[in-house]
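# Residue-level structure breakdown
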Amino acid sequence: GVRRTKEAVAMGKRKYASAPRGFETVEEVCDLMREVCPEAFRQEALRQIREKAIDGEVLCTMTEKELGTELGVNKFGPLRNLYTRITKYFRTSPTDASGCEQQDRVGVQPVHTAGVATVRWAELTPTSGVATAVKEKAVKEYCRSMIEVGACIVSLDVPAKPQAACNAALRDAQAFFEQTPEQRSRRPGYTKVSDVKQMLSIPHQHNSAPAEDAHTEFDTLARLLLQTLACSSALGMRSDTITPLLDELPLETSEAASSQLDAICYCPHTVDTVDHGRPVYGAVAHVDKGLLTLLLAPDTGGLQLQTRAGTWIDVPTPPNSVVVLPGHTLEESSGGRVRATSHRVELQPYARTSLVYRLRARPSAIIAPQGEPDEATGARYGGVSVAQLMEVFDATHSSVNQPEVHPRAATTTPSSLRTGTTTSYGQALLDLP
């Protein structure tokens, strides 16, 4: 009953002109559904697709209501989420109900998330009791994903403590953003970044148990992930080149942590934010300044990253999992072998709340020189303090977390700013426009 006749197509009632390549056959539609359909409805959706022979040409004609009816997705939230994700793959040459062409999604070419590995925390933990062969495989996949793709998904299903602590802090953050603007403005650390983005900085010495527990668990996980990557055979760095960059634990009561935990809320995509069919971003393309960024945003969608090949892909954010992204300091301290990942957040039809943990190096720490000097310029990675590196970063990158700022896409630090001596590095700062 869902197939459209040629007459209907000719009348312009199809939502999209055609299914894009890679989503045409029934099995290709099943592959897409495994990627975008909420887990609770996935098996039933796959069964319905095969029974009704729903191929790409059929799928691209469905309205949101028809999609829910035909695939058995009967809850509004998951259905809206599924419909939004599917339409990203079909907006190559869209037409409206009258047959008039709409604006294409300029510069957006979402593809499958193949290559972004998913590993379990227990598989990376030395004392978890997991078989050695399993650990070695997980470490290899994690490092490959971070180096070649620029991200990895880490499941927190085992052990239970990190999952419980992080999810409790996330629920607290969601409750906070549901308060009135007046109530939110009274909270220390709250910032209204823009009309579509709000942020709450959660200090380490926080008097709330969920937030303090989340800090501890995030920091433990981030340190483990950093150490695993740096000391792997892929990088071959010594642990004594990474550990000195981090805060010494435990912190003194009066000591501020270098790393940071933020709760971020993006407002729903509304008619006021629609730009003629183009995507609207709550955070434009940028790279983070720290070592690693850990993002907890259960099944909300919207996160996109730019692969090493330059293609933008959607990154799933499964429940009880964190997305790990390398930052600029890690790129510098690894001699460029791990590149900072450019990423952005596209607004969704619903509010999107996430926890973001940024593992950062101590400002006074010194990054050891890495790699051989460039033959032409003599520039090389490292050999500077973290404070100097951050000064250059702030001078060459716009922040996406400052109020009323419309940031540009992040750029790679020019090689001329990388030198082997503190003096010439400071001169490079003075020469900045």
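Residues take numbers from 1 onward in each chain, read along the sequence in its written order. In keeping with the predicted nature of the model, local features appear solely for residues at pLDDT of at least 70, side-chain atom pairs appear and are counted solely at 80 or more, and the whole-chain, interface and lining totals rest on all residues. Water and hydrogen atoms play no part in the side-chain values, which are based on all heavy atoms of the structure.

### Digging into the overall build of the protein
Only DSSP runs of H or I reaching four residues or more are called helices, and only runs of E reaching two or more are called strands; each is numbered from the N terminus. Regarding its fold elements, the protein presents 14 helices and 14 strands. Here's how the labels work: a residue is buried when its accessible area is under 20% of the maximum for its type, exposed when over 50%, partly exposed in between, all with a 1.4 Å probe on protein chains only. Among the 433 residues that make up the protein, the fraction classed as buried is 50%. A separation threshold of at least 6 residues defines the contact pool for the protein, and within that pool the share at least 24 residues apart is 72%. The Shrake-Rupley method, run with a 1.4 Å probe, gives the accessible areas here. Residue values count only the displayed protein chains as cover. Accessible surface, the protein: about 20,300 Å² in total, of which carbon and sulfur atoms supply 52%. By the convention used here, residues are in contact when the closest approach between their heavy atoms is within 4.5 Å.

### Here's the deal with the pairing of strand S7 (residues 292-296)
Burial of S7 is extensive: five of the five residues sit out of reach of the surface. Only strands that DSSP links by at least two bridges are regarded as paired with each other. Pairing of S7 with strand S10 (residues 321-326) involves four bridges; the strand directions are antiparallel. Paired with leucine 295 across the two strands is valine 323, which belongs to S10. Where S7 lies against strand S12 (residues 352-359), five bridges are found, and the strand directions are antiparallel. Its bridge partner lying in S12, threonine 293 is registered against arginine 358.

### Remarks on the pairing of strand S4 (residues 197-202)
Most of S4 is tucked away: five of the six residues are buried. Counted between consecutive antiparallel strands, the loop separating strand S3 (residues 190-194) from S4 contains two residues.

### Details of the packing of helix H2 (residues 26-36) against helix H3 (residues 39-51)
For helices, the fitted axis covers only the stretch in contact; all axes are lines through C-alpha atoms, and the angles between them, taken along N-to-C directions, range from 0 to 180 degrees. Interhelical geometry of H2 versus H3 gives an angle of 170° and a closest axis separation of 10 Å. By the angle between their directions, the pair H2 and H3 is classed as roughly antiparallel. When H2 is examined against H3, the residues Val26, Glu27, Val29, Cys30, Met33 and Arg34 are found in contact with a partner set consisting of Arg42, Ala45, Leu46, Ile49 and Arg50. Residues are grouped as follows: Ala, Val, Leu, Ile, Met, Phe, Trp, Tyr, Cys and Pro are nonpolar; Asp, Glu, Lys and Arg are charged; every other residue, Gly included, is polar. For the contact of H2 with H3, the residue count by class is seven nonpolar, no polar and four charged. For this classification, under 35 degrees means roughly parallel, over 145 means roughly antiparallel, 65 to 115 means roughly perpendicular, and everything else is oblique.

### Remarks on the sheet that holds strand S5 (residues 260-266)
What the eight strands build is an open sheet, ordered S1-S2-S10-S7-S12-S5-S4-S3; its pairing is mixed. Taken across any chain shown, the strands that pair with only one partner, and hence form the sheet edges, are strand S1 (118-120) and S3. Adjacent strand axes in the sheet meet at a mean angle of 25° when their direction is disregarded. Sheet topology note: the S1/strand S2 (residues 152-155) ladder contains three bridges and is parallel. Paired with threonine 118 across the bridge in S2 is isoleucine 153. Docked against the sheet, helix H11 (residues 209-230) engages S2, S4, S5, S7, S10 and S12, running at close to 55° with respect to S12.

### Digging into the sheet that holds strand S9 (residues 312-314)
Taken in spatial order, the four strands of this open sheet run S6-S11-S8-S9, and their pairing is antiparallel. Two strands bound the open sheet, and with one partner strand each, they are strand S6 (281-286) and S9. Strand after strand, the sheet turns through a mean of 25° between neighbouring axes, direction not considered. Note: strand S8 (residues 303-306) against S9, three bridges, orientation antiparallel. Among the inter-strand pairings, glutamine 306 is bridged to a residue of S9, identified as tryptophan 312.

### Quick notes on the confidence of the model for the protein
Per-residue confidence for the protein gives a mean pLDDT of 76; residues scoring 70 or more make up 74%. By mean pLDDT, the top-scoring element of the protein is S7 (96), and the lowest-scoring one is helix H1 (residues 6-10) (37). The predictor attaches a confidence to each residue, called pLDDT, with possible values from 0 through 100. Here residues 404-433 scores under 50 on pLDDT; set against residues more than four positions off or in separate chains, the count is 56 contacts.

### Focus on the nonpolar core
Grouped together as the largest cluster of nonpolar side chains are 56 residues, with contacts concentrated most on Tyr142, Phe218, Leu225, Leu292, Leu294 and Leu355. Of all the elements, H11 adds the most residues to this core, at 10 residues. With residues near it in sequence (within four places) discarded, leucine 294 still touches Phe218, Leu221, Ala222, Leu225, Val323, Val324, Leu355, Val356 and Tyr357. The nonpolar core is taken to be a set of buried Ala, Val, Leu, Ile, Met, Phe, Trp, Tyr and Cys residues, with the residues joined through side-chain atoms within 4.5 Å. If you look at the next biggest cluster of nonpolar residues, it comprises 22 residues, including Val149, Met199, Leu295 and Ala297.

### Quick look at the packing of aromatic side chains
Planes of paired rings set the category: under 30 degrees apart is stacked, over 60 is edge-to-face and the rest tilted, where pairs are Phe, Tyr or Trp rings (Trp by its six-membered ring) whose centres lie within 6.5 Å. Tallied over the full model, the rule gives three aromatic pairs. Relative to phenylalanine 177, the ring of phenylalanine 176 has its centre 5.2 Å away and its plane inclined at 70°; by these criteria the two rings are edge-to-face. Judged by its relative accessible area of 4%, phenylalanine 176 is buried. On the basis of an interplanar angle of 5° and a centroid distance of 5.7 Å, the ring pair of phenylalanine 218 and tyrosine 357 is categorised as stacked. Of this pair, phenylalanine 218 sits in helix H11 while tyrosine 357 sits in strand S12, and the two are 139 residues apart along the sequence. One exposure class covers both phenylalanine 218 and tyrosine 357, and it is buried. Grouping aromatic residues by their ring pairs yields a cluster made of Phe176, Phe177 and Tyr190. Only when the NZ atom of a Lys or the CZ atom of an Arg is both within 6 Å of the ring centre and within 35 degrees of the ring normal do we say a charge sits over the ring. Stacked on the ring of phenylalanine 176, the Lys or Arg arginine 187 has its end atom at 5.4 Å from the ring centre. Lying over the aromatic face of tryptophan 312, arginine 344 brings its terminal NZ or CZ to 3.8 Å of the ring centre.

### Regarding the state of the cysteines
A pair of sulfur atoms, both from cysteines and within 2.5 Å, is called a disulfide here. Here the structure, examined in full by the defined rule, presents zero disulfides. Residue cysteine 152 stays outside any disulfide, its sulfur separated by 8.8 Å from that of cysteine 143, the closest cysteine. Given the relative accessible area of 0%, cysteine 152 is considered buried. You can see cysteine 231 has no disulfide; the closest cysteine sulfur is in cysteine 143, sitting 9.9 Å from it. The exposure class of cysteine 231 is partly exposed, given its relative accessible area of 37%.

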